[in-house]
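Architecture and fold: a report
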Amino acid sequence: MQQPCPSKDFTLKETTPNINAGRMIKGNGLPTTFDLVEQMQFLFVKVVKAKDLTKNGGGTHTCNPYVEVKVGTFMGTTRCMEKTSNPEWNNQVFAFAKERIQEPVLEIVVKDNVVADSGKFMGRVIFTISDTPKRVPPDSPLAPQWYKLVDQKGMTLQRELMVAVWIGTQADEAFPDAWHSDAAAACGENITYTRSKVYISPRDWYLRVNVIQAQDLLLKNKSSSNSEIFVQAVIGNMALRSRSIRTNTNPMWNEDLMFVVAEPFDEFLFLSIEQGQGNSNKHESLGSCVIPLKNVEKRIDATPPSCLWYDLHKPKECEGEEEVKFASRLHMRICLDGGYHVLDEATHYSSDLRPASKELCKLSIGFLELGILNAMGLPAMKKENRTDAYCVAKYGSKWVRTRTIVDSLSPKWNEQYNWEVFDPCTVLTIVVFDNGHLQGGENAEGAVDKRIGKVRIRLSTLENDRIYTHSYPLINLHAEGAKKMGEIQLAVRFSCPSLLNVLQTYAQPLLPRMHYICPLNIFQLESLRNQAAAITTLRFKRAEPPLSKEVVDYMLDVSANVWSIRRGKAQYYRIMSLLNGLFFVAKQVDMIRGWKNSVITMISYFILVFFIFCPRWILPLNFLFLLIVGIWNYRTRPRYPSHMDMKLSQADTATIEELEEEFDPFPSKVSGDNLKKRYDRLRGISGRLISVMGDLATQGERVQSLLSWRDPRATALFVIFCLVAIIVTYLIPFRYIMFIWVTYMSRPPRLRFDMPALPQNFLRRMPAKSDCML
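As the structure is a computational prediction, the values presented were derived from the model and not from experiment.

**What to know about the overall build of the protein chain**
Helix and strand content of the protein chain: twelve helices and 29 strands. Per-residue burial over the protein chain gives 48% buried out of 774 residues. Nonlocal contacts in the protein chain, meaning residues at least 24 apart in sequence, comprise 73% of its contacts between residues at least 6 apart. Accessible surface, the protein chain: about 39400 Å² in total, of which carbon and sulfur atoms supply 56%. Distance from the positive charge centre (94 side chains) to the negative charge centre (81 side chains) of the protein chain: 5 Å.

**Here's the deal with the nonpolar core**
If you look at the biggest cluster of nonpolar residues, it comprises 51 residues, and the most contacted ones within it are Leu-370, Trp-419, Ile-488 and Leu-490. The biggest single contributor to this core is helix α10 (residues 712-731), with six residues. The residues contacting Leu-490, other than those within four sequence positions of it, are Leu-370, Gly-371, Ile-372, Leu-373, Ile-430, Val-455, Ile-457, Tyr-468, Thr-469, His-470 and Tyr-472. With 34 residues, the next largest nonpolar core counts Val-67, Leu-106, Val-165 and Val-406 among its residues.

**Structural notes on the pattern of salt bridges**
What the rule picks out here adds up to 30 salt bridges. A salt bridge links Glu-345 to Lys-394; the shortest N-O distance between them is 3.2 Å. Residue Glu-345 is found in the loop between β21 (329-337) and β22 (366-376), and its partner Lys-394 is found in strand β23 (residues 389-395); the two are separated by 49 residues along the sequence. Residue Lys-454 pairs with Asp-557 through a salt bridge whose shortest N-O separation is 2.9 Å. Of the two residues, Lys-454 sits in strand β27 (residues 450-458) while Asp-557 sits in the loop between α4 (549-556) and α5 (565-593), which places them 103 residues apart along the sequence. Residue class for Lys-454 comes out buried when judged on its relative accessible area of 4%. If you follow the salt bridges from partner to partner, you end up with Arg-100, Asp-182, Arg-403 and Glu-415 in one network.

**Topic: the confidence of the model for the protein chain**
Confidence in the prediction of the protein chain, expressed as mean pLDDT, is 85, and 91% of residues score 70 or more. In the model, residues 1-6 has pLDDT below 50 throughout and makes 15 contacts with residues more than four positions away in sequence or in other chains. Counting contacts from residues 23-31, a segment whose pLDDT is below 50, to residues more than four positions away or on other chains yields 17 contacts.

**Quick word on α5**
An ideal rise of 1.5 Å per residue puts 42 Å on 29 residues; α5 measures up with 40 Å between its terminal C-alpha atoms. Taken as a whole, α5 carries its principal kink of about 35° at Leu-579. For α5, the set of buried residues is Arg-566, Arg-567, Gly-568, Ala-570, Gln-571 and Arg-574. Its side-chain oxygen at 3.3 Å from the backbone nitrogen of Arg-566, Ser-564 defines the N-terminal cap of α5. Positive backbone phi, at 55°, marks Trp-595, one or two positions downstream of α5.

**Thoughts on the sheet that holds β27**
The sheet built from five strands is open, its strands ordered β11-β24-β23-β26-β27 with antiparallel pairing. Only two strands of the sheet have a single neighbouring strand rather than two, namely β11 (197-200) and β27. Strand after strand, the sheet turns through a mean of 15° between neighbouring axes, direction not considered. Bridge count between β11 and strand β24 (residues 398-401): four bridges; the pairing is antiparallel. Residue pairing for β24: Tyr-199 is matched across the bridge by Trp-399.

Definitions and limits used
- Residues numbered from 1 in each chain as written.
- Predicted model: local features only at pLDDT ≥ 70, side-chain atom pairs only at ≥ 80, totals over all residues.
- Heavy atoms only, no water.
- Helix = DSSP H or I, 4+ residues; strand = E, 2+ residues; numbered from the N terminus.
- Buried < 20%, exposed > 50% of the residue type's maximum accessible area, 1.4 Å probe, protein only.
- Contact = heavy atoms within 4.5 Å.
- Areas by Shrake-Rupley, 256 points an atom, 1.4 Å probe, with all protein chains shown as cover.
- Lys, Arg positive; Asp, Glu negative; His and termini not counted.
- Charge placed at Lys NZ, Arg CZ, Asp CG, Glu CD.
- Core = buried A, V, L, I, M, F, W, Y, C linked by side-chain atoms within 4.5 Å.
- Salt bridge = Lys/Arg side-chain N within 4 Å of Asp/Glu carboxyl O.
- pLDDT = per-residue confidence, 0-100.
- Expected span 1.5 Å × (residues − 1).
- Bend = angle between axes of the 7 residues up to and from the residue.
- Polar contact = N/O pair within 3.5 Å; in protein donor to acceptor, adjacent residues only side chain to side chain.
- Pairing = 2+ DSSP bridges.
- Axes fitted to C-alpha atoms, helices over the stretch in contact; angles between N-to-C directions.

So, in structure tokens, the structure goes:
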């Protein structure tokens, strides 16, 4: 049964938010103003310290003071300071959204934590909100002042409280770490989950362990004919094994084991040689060694690292045996490869292509600015008919997380972030999540942040210095079908000071040099990508607030290579749409040969005869045709950024059975051991077939995009090339061009280059429809 698609609008809409489109850049070149978001005003209250809180109490005892800041129904509370009459709260800041303030006064109350629930009243300070001063950066912070506390009857006390009160915007430096009235319903322990933060993913390197051979092993069970020996390498929670070979005192492997490790290299590589039976999981250690990663050689090119002999330590069960001298050794090459880019995302929509070593990284070519304004029409994600939404945006190694707007189906963030851009052919990813960590209690540990929708934007499709303000549909695909989860309004600007620097990148290889000189196979890349995602997950779990595993996995599309009938059909239709042009040409040729239209047949015949007798016009006229098509398509060039396409992803036609299979976890929950093994194996192979189909479709779409003006800079370069090619092919006879081409293609291998050719580099940078795939 086919799942009907709800009749909702999944298109991209251009919006006109009230933003300041002006430009103000400091001398370092980084944008500094919040000009891509709507300005929001907040009432800021900074509580610094208090003194002499026990002076009017008639004694010298201490107290347990805390402060309540009240504006109407919104109230924030500082932490309680124990046994002191002169507490210091270290500049704790509260921010109240001015549009939600309905009371004319701000009340700051000091209480003593001695009475259950309410606390003992110790004094208060009242401010009139209309008289509060305004502060706009780059003004210096407002200086806190001492204020006398008054009692409930208005009598002045000897107790004093130092506070600062002002009205500012989200550009205020106190905004990120402030307590927000938008999150007033959150529990005190979970308030950190509501704040906006910036995360930097670890700088990953590939660790290559080339196991060559072992020497003088003390074998066990020498009489066994089916025993095998292998090398096991362990770093942290990751373990890899070499291939197993027959028992030998001097075995040889010459095999690479690849790991992903992160700076700083404070871990250890544990290597052991194991002997076991061929059909048994039991194995015994023949020796081991431990190597600190900080002592491992680093390389940034293809120069082979030095090979060393490592002494193995005797197994623990053999430590007391003195009759045999233990002198086993292991011959290996170990190095940290900094010339590779550690892929943690799919290459079709990667946000960073720089090598791991800083020595090989080039200077930035521009800046990307993102304004996350608001969302509209979000569904209720919790049983209480509420949604606590926040956004996560990733580009390169920088992840940003907006603050959580509690209990709102139309949250307004109005937060702006910026990134340095090193390559325009990269993708920015924005995802909206529902925060599941705000309720506290027993369910806090098992809380899950539910995904609402994802947006991808390819930078090369953006014009220079143009501000794109659009409302993007949030589409969520689950086992019941695809559903529109609302819309998110974004403002995006890509700025490149030097257009020449941007155009130069189109002639350079997409990935660093090591990927072409010493390429990694597809199985290694898949395993290493999962390792990189696991390292990022562990690093972000230790942050405050942490980014959960489900957030990192969805941002990095960890399960994108698992088999799915829906994705298979989508890739198939992408390929078929590319072949439609060939089918059309074949149909027209058949019509001409069949004389279905005599006039067209005669004209085609004379054109063919003309090219036979005047072959020098073939290439000029073909390039002229491409030039005309490119100029003609400029009128219909895409004006909007790409977004998730329901029809292209086949999400609107997927059946419930297909979606249940897609969302079946890996390994499968299907009953039956044999059936389960075969089913999981089929899904793994089919996932790779989908990747191949996607690669084929991507290559064809890149050729198509040469004249589509999806990447305006690249199409302009190609049109100029066509113009130059017309002149060159007209002036140079066709036979000379063919002679040069055949000679070039037939040149000996020693005259060929290791790096891809310029046309290949240019084509690989063309945008494809993979950015729009769910």
